[in-house]
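Tertiary structure, described
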Amino acid sequence: MVRCECGFEVRGTEDEIVPALQKHAGESHNMKVTREQVLARAHAI
Amino acid sequence: MVEGPVQVEVFVLRMKAGRPELAGPCGPDPWYIEVAAEDDPVEVVSRLSRNLMGEPVLVHSTSWRRARGAVVLSFVVVNSEAQAPHLAGIPISRVELARSEATSAAKTIAAAQVLEHGLRHLAWLAREDPIVIGLLNEDWKKALAGYRPEPFRNIV
């Protein structure tokens, strides 16, 4: 699971959460984030 | 999560039943956006607002400060009343402004104080700026009439 500071949250496998968070980061925060950056913020639930 | 030497903090405003409310993509919290060296902050805020919520009525930068390890540019985005209805609106409360010294910034500045300043800035534009006067409807002008631009009180 990864939660953005804005409250956006995505749950799933690595292959699900990485593109979802990359899309959110670009569309909502003008950010380009790598797979590694997403996974560094991911928490196992 | 938003990082970088220049960040944008957006307060998205919408009128509801004659009262302005906060109605941005981050609920009651400011919406943070990263600004790259080659980016125009106004273009970035306008583009992301348009993509997420539809064409904004007004996008305006109202202040800046150092925070979050960056220079933070504060913006107000005014949406129309019926715009982005899926975003919950939160009523806006009045607060005291954060006061600077004559040559230095206020020691602490809360987000609500940045918004208060933004609304006072908007109130000034609604009286002085022909573009803003033409864009804001009567509900906005009535609501902003209660926001009085104040002089810099540290200088006597």
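First, a word on what this report is: a plain description of the structure on this page. The model shown is predicted, which means the values in this text are computed figures rather than measured ones.

In most cases, non-glycine residues show a negative phi, while peptide bonds are predominantly trans. Residues other than glycine seldom take positive phi values, yet A:N30 does so here, at roughly 60°. By the C-beta count within 10 Å, which is 22 here, A:N30 ends up buried. Positioned with a positive phi, B:R68 is a non-glycine residue whose angle comes to about 55°. Within the fold, B:R68 resides in the loop between β4 (58-67) and β5 (70-79).

This next bit is on the interface of chain B and chain A. Each side of the interface is counted separately: chain B has 15 residues, and chain A has nine residues. Residue classes in the side of chain B that touches chain A are distributed as 11 nonpolar, two polar and two charged.

On to the pairing of strand β3 (residues 31-34) of chain B. Regular strands place side chains that alternate from one sheet face to the opposite one. Residue and element names in this part refer to chain B. Residue alternation in β3 divides its side chains into two sets, W31 and I33 and Y32 and E34, and both sets are buried. As judged from the four bridges shared by strand β1 (residues 6-16) and β3, these two strands associate in the antiparallel manner. Looking across to β3, one finds that Q7 is bridged to E34.

Moving on to the nonpolar core. Ranked by size, the top nonpolar core spans 40 residues in total, and within it B:V8, B:V10, B:V12, B:I33, B:V45 and B:V77 carry the most contacts. At the level of elements, α1 (14-29) of chain A together with β1, β3, α1 (41-53), β5, α2 (111-128) and α4 (138-144) of chain B are the ones that each hand at least two residues to this core. The contact partners of B:V10, leaving out residues within four places of it in the chain, are B:G24, B:P30, B:W31, B:I33, B:V45, B:F75 and B:V77.

Cut-offs and rules
Residues numbered from 1 in each chain as written. Chains lettered and ligands numbered in written order. Predicted model: local features only at pLDDT ≥ 70, side-chain atom pairs only at ≥ 80, totals over all residues. Buried ≥ 20, exposed ≤ 12 C-beta atoms within 10 Å, placed from the backbone. Helix = DSSP H or I, 4+ residues; strand = E, 2+ residues; numbered from the N terminus. Contact = placed C-beta atoms within 7 Å. Nonpolar A, V, L, I, M, F, W, Y, C, P; charged D, E, K, R; others polar. Pairing = 2+ DSSP bridges. Core = buried A, V, L, I, M, F, W, Y, C linked by C-beta atoms within 7 Å.

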